[in-house]
Amino acid sequence: MDILADIFREAGLQRRLLDMRHLATGRALRFPCDRSLGFHVVLEGTAWVHSPSLAQPIELHAGDIAVMGRGCDHLLAAEPDLSALPTEAITLAHDGFAPAGSEGTVVSGAYQLWNTPLHPLFAELPEWHVVRAERTTRLEPMGLALSMLAAEVQQDALGRESIVHGLVDVLFTYLVRDIVARRGSEGHANWSHAVADTQVRRAVAALHEDCARAWTLESLARAVNLSRSVLAERFRDAMGDTPLSYLRTVRLQRAMHLLADGNQTLEQVALAVGYHDAFGFSKAFKRAVGVSPGEYRKRNQAERSLPWRFTAQDAVSAG
């Protein structure tokens, strides 16, 4: 069971390649990404990330990667001081031609979360996470993916789009894995720490694989070859939550996905995620999401045509 792929899929994560951008002196590029995760890779030169959450802009050099773990509108510029700089919103067209005065070149990818996810992984992602070039050597996986991406975006060869999209997904997954590993090693009770425990991770995987099953603590303990008391203690100590509470989160996250992207009735969605009736499901859903399932579906449908929402034509599920 690929837990990360399941989390991405059920959260409705959609990808858009923002492609290669050249940073010229005297202007700043605005990235309207308030509902997205994403990253910027500096291929050459220097880039500065300006974000409302940052006390100081982040300075990036060739080979550095800045990961945006929380959605926000932000700016990229070739200089640290934005005063009096004109701001230009990015377009979706490929910016392959380097204008005179270019000081940096970046490749960017955005992974949209239009509907705020319930899964705790997303709350654990930092606002900004920087991976410096010295950590991405060419002989380790992240470095290999980065080198291949840098080479591919700078040519117009056959299959460029397919290869670049695949490499963006690979690099993004490595970056999330890096964040999870770092968060898990801090020793605090959270999702990242929980999946570092092999047996707790097996329990998490079982819940994701079949969230509609009528799980009890006893049946889950049997599935991972632990006693009820040991599983309950290890799960609570590692994640700061109980297995059945986490199951509820997984179920409701999947329900959000089904309501947003499917045509099933409310009763069908309830059964698909392990609830016996629509009434109980609706109460749990509204308590967690803040609106009823019907209101959530209507709102999602109404927002499909908004300009910065990724569509089926230009977005691919990361799962």
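Above this text you will find the structure in question.
Numbers given for residues are sequential positions, taken from 1 along each chain in its written order. With the structure being a predicted model, the display of local features is reserved for residues of pLDDT at least 70 and the display and counting of side-chain atom pairs for 80 or more, all residues being used for whole-chain, interface and lining totals. Remark: hydrogens and water are excluded; side-chain values derive from all non-hydrogen atoms of the structure.

Asks: What should I look at first to understand the pattern of salt bridges in this one?
Replies: Pairing between side chains of opposite charge can happen when the charged atoms of each approach one another. When a carboxyl oxygen of Asp or Glu lies within 4 Å of a side-chain nitrogen of Lys or Arg, that pair is called a salt bridge. For the structure on display, the rule yields 14 salt bridges. A salt bridge links E303 to R35, with the shortest nitrogen-to-oxygen separation between them at 3.9 Å. Remark: R35 occurs in the loop between β2 (28–31) and β3 (36–50) and E303 occurs in the loop between α12 (293–302) and β10 (316–317); sequence separation between them is 268 residues. Only protein chains enter the area calculation, which uses a 1.4 Å probe; residues under 20% of their type maximum are buried, those over 50% are exposed, and those in between are partly exposed. Look at E303 and you get buried, because its relative accessible area is 16%. Owing to a relative accessible area of 30%, R35 belongs among the partly exposed residues under this scheme. Between D178 and R182 there is a salt bridge, and its shortest N-O distance comes to 3.5 Å. Placement of the pair is D178 and R182 together in helix α4 (residues 160–184), with a separation of four residues, close to one helical turn. Take D178: its relative accessible area is 11%, and that puts it in the buried class. Each of D6, R9, E10 and R254 takes part in salt bridges that share partners, so that together they form one network. We count a stretch as a helix when DSSP gives it H or I for four or more residues in a row; a strand needs E for two or more, and each element gets its number in order from the N terminus.

Asks: Hey, could you run me through the packing of helix α9 (residues 243–261) against α12 in this one?
Replies: Axis definition: a line fit to C-alpha positions, over the contact stretch in the case of helices; interaxial angles, taken between N-to-C directions, run 0 to 180 degrees. Where α9 meets α12, the closest approach of the two axes is 9 Å, and the angle between their N-to-C directions is 50°. The angle between the axes of α9 and α12 places the two elements in the oblique class. The chirality of how α9 crosses α12 is right-handed. Together, M256, L258, L259 and A260 of α9 and P293, Y296, R297, N300 and Q301 of α12 make up the contact between the two elements. Residues were grouped as follows: Ala, Val, Leu, Ile, Met, Phe, Trp, Tyr, Cys and Pro as nonpolar; Asp, Glu, Lys and Arg as charged; and all remaining residues, including Gly, as polar. When grouped by side-chain class, the residues that make up the contact of α9 with α12 number six nonpolar, two polar and one charged. Any angle from 65 to 115 degrees is called roughly perpendicular, while one under 35 is roughly parallel, one over 145 is roughly antiparallel, and all others are oblique. By convention the crossing between two helices is left-handed if the near helix lies anticlockwise of the far one by an angle smaller than a right angle, and right-handed if it lies clockwise. Residue contacts are defined here by distance: any two heavy atoms, one from each residue, within 4.5 Å place the two residues in contact.

Asks: Any chance you could explain the environment of H40 here in plain terms?
Replies: Looking at the secondary structure, you find H40 in strand β3. Taking relative accessible area as the criterion, H40 reaches 5% and is therefore assigned buried. On a C-alpha basis, the gap between H40 and A24 in space is 16 Å, while along the polypeptide they are 16 residues apart. Dropping the residues within four chain positions of it, H40 is found in contact with F31, D64, I65, A66, H74, L76, V107 and S108. Here a polar contact means two N or O atoms within 3.5 Å. Within protein one must be a hydrogen donor candidate and the other an acceptor candidate, and residues neighboring in sequence count only if both atoms are side-chain atoms. Here the side chain of H40 touches S108 through a polar contact of 2.6 Å, side chain to side chain.

Asks: I keep staring at the environment of L271 and nothing clicks. Help me out?
Replies: For L271, the location among the structural elements is in helix α10 (residues 266–272). As a C-alpha pair, L271 and F281 span ten residues in sequence and 8.9 Å in three-dimensional space. Excluding anything up to four places from it in sequence, L271 contacts A212 and H276.

Asks: Even after reading the chapter, I still don't get the packing of aromatic side chains, so can you show me in this structure?
Replies: We describe a pair of aromatic rings using the distance from one ring centre to the other and the angle between the two ring planes. Aromatic pairs are defined between Phe, Tyr and Trp rings, using the six-membered ring for Trp, whenever the two ring centres lie within 6.5 Å; interplanar angles under 30 degrees are classed as stacked, those over 60 as edge-to-face, and all others as tilted. Tallied over the full model, the rule gives six aromatic pairs. Here the aromatic rings of F281 and F285 are separated by 5.7 Å at their centres, their planes lie at 55°, and the arrangement is tilted. Of the two residues, F281 and F285 both sit in helix α11 (residues 278–289), four residues apart, roughly one turn of that helix. As far as burial versus exposure is concerned, F281 and F285 are alike and both buried. Through a chain of ring-to-ring contacts, the aromatic side chains of Y275, F281, F285 and Y296 assemble into a single cluster. The ring of Y275 is capped by R251, whose NZ or CZ atom sits 5.9 Å from the centre of that ring. By definition here, charges over rings are those cases where NZ of Lys or CZ of Arg is within 6 Å of the ring centre and within 35 degrees of the ring normal.

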